[in-house]
Amino acid sequence: MASEAVQVNCVMNGEANNNQALKRKHLVSNENITACYCDVVSVDTGDIGTSGRDTLANIIDDRQLDGVSKKARLQKEVTIQDMYNNQDAFGNEDDSDWEPVQKGIEIMKWFCTNCTMVNFNDAVHCDICGEHKASGILRHGFYASPCSPEVDLIQVESEARQRDKDLQLEASSSNCLTAVGFDEKMLLHSEVEKKSHPHPERPDRLLAIAASLAAAGIFPGKCCPIPAREITKEELQKVHSLEHIEAVEFTSQVLSSYFSPDTYANEHSARSARLAAGLCADLASAIFSGHMRNGFALVCTSFDILFNVHKIRPPGHHAGVTQAMGFCLHNNAAVAALAAQVAGAKKVLIIDWDVHHGNGTQEIFDQNKSVLYISLHRHERGKFYPGTGAAFEIGSKGAEGYCVNIPWSCGGVGDNDYIFAFQHVVLPIASKFAPDFTIISAGFDAACGDPLGGCDVTPAGYAQMTHMLSTLCGGKMLVILEGGYNLRSISSSTTAVVKVLLGESSECEPENTAPSKAGLLTVLEVLKIQMKYWPTLSSSFEKLQAQWGMPCTDNQSKGKEVKKRRVFEPPMWWRWGRKQLLYHILTGHFYLR
């Protein structure tokens with residue numbers, strides 16, 4: 001009877017010993033654990049009174065009841081020392097009561113919808129970006145309030161639509177050639193395996209962009225729909241090796257697979273990648289041939305928007321000739337460039353402002369003089385992913401100078417640094433190259449608040465860069481989404497770029513843009529290397545030296561060689577793994593002579 005009493009009272013408190021799942025759900029805080037545990041103790045003591053002890057004395061040979069009696073006596077006068085010295089007196093059943101304690105703590109966390117960072121306890125705002133736990137950003141885009149739940153947003157949308165109403169009427173009356181592609185299959189590309197942290201390349205990125213464009217009155221209302229098609233193997237073989245194409249296709253036969261620790265695929269990913277690449281190819285052909293003024297492809301979870309900017313997933317600029325990496329399966333920018341050339345473009349310019357170097361795009365066109373690749377990215381002497389893209393990587397085998405890398409030496413670079421680089425490096429080289437078609441690999445992970453980028457470019461900065469590029473090749477331009485993992489940043493930046501491409505924003509280029517010291521040194525380094533292949537840069541290099549002064553970067557120019565201790569630089573991924581402490585020690589204080 002005593003055994004039955006214990007079991008019944010545990011059930012009444014939601015703590016049946018034979019139901020571990022129920023215990024985990026019920027015990028979600030230390031307070032609840034203590035209360036439930038005390039309830040069990042008090043009931044057990046009451047049930048095993050004087051009569052109970054007499055009964056136990058009569059049937060002391062019964063091992064089960066003897067165990068219950070021992071536990072009851074211990075619960076009356078147990079101390080921590082007694083628990084330690086008499087561990088055998090607490091059977092497996094009682095020990096299991098403590099298992100949910102740790103698991104309950106693990107449940108008490110949530111991941112920010114905006115930046116995916118983990119938050120603990122009962123906080124309602126993200127500790128990293130400040131986004132509300134119940135943010136409406138997926139429904140209303142960056143127009144949703146970051147500080148409050150999803151309330152009063154109908155008025156926000158109404159105001160945004162009213163603000164753009166006149167512009168919509170003007171665009172429709174002028175026969176605006178902006179296309180929208182739609183295919184819900186893009187939603188199916190997602191990570192199957194559930195890990196301790198959400199993957200940053202997720203369908204929510206494009207849902208937030210789509211919601212922002214809708215709230216701004218840009219789509220629907222200004223775009224004409226076009227279908228997406230799957231690219232053919234023959235088209236892909238112009239960019240990738242057959243082995244790479246077959247490796248991507250093989251993923252359709254398995255539920256979940258990985259090309260690298262950060263590059264996932266599921267059974268639908270191969271088709272999503274084919275649709276994204278096919279849409280890019282068709283847009284490039286249509287824009288160059290004049291059927292559309294420009295293209296924006298949002299091939300996403302619920303629909304694809306083809307606009308002045310081309311938005312697709314999975315991204316592509318890390319995908320090389322023979323491998324998928326960095327969240328990328330097929331190189332969409334490379335596919336679009338070759339499609340434009342098939343349509344008649346002789347020279348294609350690819351501008352890559354993703355915070356990570358587009359190592360795949362550079363590899364594909366490393367020996368091609370008909371494609372000029374210019375990348376602005378964090379590099380930090382190769383410590384920032386993927387480690388490629390140094391200023392001295394300029395192309396090879398007759399195509400030297402047709403690869404231009406502008407590698408930032410640190411994080412925190414912002415609008416002024418990017419505009420300064422555009423003024424003194426990007427536009428002078430691009431103008432001399434005189435492209436027939438322009439492609440922007442538009443990663444927005446250099447935007448303020450991005451969890452991976454660590455830079456400070458604003459939506460206005462992206463809009464300004466787009467405006468500066470629109471003067472090339474008669475405005476024939478395709479913008480392709482690459483990275484960007486803060487939903488608020490990526491959606492607001494995309495909206496700003498689209499407005500420029502629609503002609504709704506005509507910001508003037510600033511006359512005097514003061515860069516940071518790190519930005520200035522990077523631009524001077526690039527000019528010094530590239531003016532050998534683009535002589536028109538020499539005057540700009542000399543002018544900047546005279547205006548800003550150039551700190552000596554060559555030890556020989558200082559009159560003597562300076563010997564420095566060589567710093568041991570551990571791999572970047574140590575920073576987030578089990579070797580995090582070792583990483584900080586080595587990068588901060590450890591030197592090799």
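For the structure itself, consult the block above.
Residues numbered from 1 in each chain as written. Predicted model: local features only at pLDDT ≥ 70, side-chain atom pairs only at ≥ 80, totals over all residues. Heavy atoms only, no water.

Engineer: An account of the overall build of the chain is requested, with residue identities and associated values reported.
Structural biologist: Within the chain, the secondary structure is distributed over 23 helices and 16 strands. Restricting the contact set of the chain to residue pairs at least 6 apart, pairs at least 24 apart contribute 70%. (Helix = DSSP H or I, 4+ residues; strand = E, 2+ residues; numbered from the N terminus. Contact = heavy atoms within 4.5 Å.)

Engineer: Help me get a handle on the packing of helix 18 (residues 415-433) against helix 21 (residues 517-530), residues and values and all.
Structural biologist: Interaxial distance between helix 18 and helix 21 falls to 9 Å at its minimum, and their mutual angle equals 10°. When the interaxial angle is binned, helix 18 and helix 21 end up roughly parallel. Here Asp417, Phe420, Ala421, His424, Val425 and Ile429 of helix 18 lie close against helix 21, whose contacting residues are Gly519, Leu520, Val523, Val526, Leu527 and Gln530. Classifying every residue of the contact of helix 18 with helix 21 by side-chain character gives eight nonpolar, three polar and one charged. (Axes fitted to C-alpha atoms, helices over the stretch in contact; angles between N-to-C directions. Parallel < 35°, antiparallel > 145°, perpendicular 65-115°, else oblique. Nonpolar A, V, L, I, M, F, W, Y, C, P; charged D, E, K, R; others polar.)

Engineer: Outline the nonpolar core, supporting the account with residue identities and numerical values.
Structural biologist: If you look at the biggest cluster of nonpolar residues, it comprises 62 residues, and the most contacted ones within it are Trp353, Leu372, Ile374, Ile406, Phe422, Tyr462 and Leu469. The element best represented in this core is helix 18, accounting for 11 residues. What Leu469 contacts, discounting residues up to four positions off in sequence, is Ile351, Trp353, Phe422, Val426, Leu427, Ile440 and Met477. Counting residues in hydrophobic clusters, the runner-up holds 36 residues, among them Leu275, Cys280, Leu283 and Cys403. (Core = buried A, V, L, I, M, F, W, Y, C linked by side-chain atoms within 4.5 Å. Buried < 20%, exposed > 50% of the residue type's maximum accessible area, 1.4 Å probe, protein only.)

Engineer: Tell me what's going on with helix 15 (residues 269-289), and back it up with residues and numbers.
Structural biologist: In this model helix 15 runs 30 Å from its N-terminal to its C-terminal C-alpha over 21 residues, within 8% of the 30 Å that 1.5 Å per residue would give. Within two residues after helix 15, Gly290 carries a phi angle of roughly 90°, on the positive side. (Expected span 1.5 Å × (residues − 1).)

Engineer: Describe in detail the pairing of strand 11 (residues 371-378), supporting the description with residues and values.
Structural biologist: Judged by how many residues are buried, strand 11 sits mostly within the fold: eight of eight residues are covered. Because side chains alternate across strand 11, one face comprises the buried residues Val371, Tyr373, Ser375 and His377, and the other comprises Leu372, Ile374, Leu376 and Arg378, equally buried. The pairing of strand 10 (residues 348-352) with strand 11 spans five bridges and is classified as parallel. Among the inter-strand pairings, Ile350 is bridged to a residue of strand 11, identified as Tyr373. Between the parallel elements strand 10 and strand 11, the chain passes through helix 17 (residues 359-364) in a crossover that is right-handed. Inspection of the sheet shows strand 11 paired to strand 12 (residues 403-408) by six bridges, in the parallel sense. Residue pairing across strands places Leu376 opposite Ile406, the latter belonging to strand 12. (Pairing = 2+ DSSP bridges. Right-handed = clockwise from strand over helix to strand, strands pointing away.)

Engineer: Just give me the short version of the packing of aromatic side chains, but keep the residues and values in it.
Structural biologist: Scanning all chains against the criterion turns up nine aromatic pairs. Relative to Trp548, the ring of Phe420 lies with its centre 6.3 Å away and its plane at 90°, an arrangement referred to as edge-to-face. Placement of Phe420 in helix 18 and of Trp548 in helix 22 (residues 537-548) is noted, with a sequence separation of 128 residues between them. For Phe420, a relative accessible area of 2% gives the class buried. Judged by relative accessible area, Trp548 falls into the partly exposed class, the value being 35%. Following the ring pairs from residue to residue traces out a cluster consisting of Trp353, Phe444 and Tyr462. Geometry around Phe433 places Lys347 over its ring, the cationic atom sitting 5.3 Å from the centre. (Phe/Tyr/Trp six-rings, centres within 6.5 Å; stacked < 30°, edge-to-face > 60°. Lys NZ or Arg CZ within 6 Å of the ring centre and 35° of its normal.)

Engineer: Outline the packing of helix 15 against helix 16 (residues 332-342), listing residues and values.
Structural biologist: Packing of helix 15 against helix 16 brings their axes to within 8 Å, and their N-to-C directions diverge by 35°. Considering how the two elements wind past one another, helix 15 and helix 16 form a crossing that is right-handed. In this structure, helix 15 contributes Ala276, Ala277, Cys280, Ala281, Ala284, Ser285 and Phe288 to the contact, and helix 16 contributes Asn332, Val335, Ala336, Ala339 and Ala340. (Left-handed = near helix turned anticlockwise from the far one by under 90°.)

Engineer: With reference to specific residues and values, describe the environment of Tyr462.
Structural biologist: Mapping Tyr462 onto the fold places it in helix 19 (residues 459-469). For the pair Tyr462 and Asp415, spaced 47 residues apart in sequence, the C-alpha to C-alpha distance is 8.0 Å. The contact partners of Tyr462, leaving out residues within four places of it in the chain, are Trp353, Gly443, Phe444, Asp445, Ala446, Ala447, Val457, Ser493 and Val497.

Engineer: Which residues make up unusual backbone geometry, and what values go with them?
Structural biologist: Cis geometry marks the peptide bond from Tyr385 to Pro386, where omega comes out at 0°. With respect to the helices and strands, Pro386 occurs in the loop between strand 11 and strand 12. In this structure, Arg381 is a non-glycine residue whose phi angle is positive, near 60°. Within the secondary structure, Arg381 is located in the loop between strand 11 and strand 12. Relative accessible area serves as the criterion here: at 76%, Arg381 is assigned to the exposed category.

Engineer: Explain the pattern of salt bridges to me, and be specific about the residues and the numbers.
Structural biologist: Two side chains carrying opposite charge are able to pair once their charged atoms lie near each other. On inspection of all chains with the given rule, the structure shows seven salt bridges. Linking Glu230 and Arg274 is a salt bridge whose minimum nitrogen-to-oxygen distance equals 2.8 Å. Of this pair, Glu230 sits in the loop between strand 4 (224-227) and helix 13 (233-236) while Arg274 sits in helix 15; the two residues are 44 residues apart in sequence, bridging distant segments of the chain. On the basis of relative accessibility, which here comes to 29%, the residue Glu230 falls in the partly exposed class. A salt bridge links Glu380 to Arg378; the nearest nitrogen and oxygen atoms lie 2.0 Å apart. Given the relative accessible area of 14%, Glu380 is considered buried. Taking the relative accessible area as the measure of exposure, Arg378 reaches 11% and is therefore buried. A cluster of three or more residues bridged by salt bridges with shared partners is formed by Glu230, Glu249, Arg271 and Arg274. (Salt bridge = Lys/Arg side-chain N within 4 Å of Asp/Glu carboxyl O.)

Engineer: Quick one: what's the story with the side chain of His318, residue by residue and with numbers?
Structural biologist: Locating His318 in the fold gives a position in the loop between strand 9 (309-312) and helix 16. Among the polar contacts listed, one links the side chain of His318 to the backbone oxygen of His357, at a separation of 3.3 Å. Setting aside residues up to four positions removed in sequence, His318 forms contacts with Met325, Gly326, Cys328, His356, His357, Asn359, Gly360, Tyr385 and Pro386. (Polar contact = N/O pair within 3.5 Å; in protein donor to acceptor, adjacent residues only side chain to side chain.)

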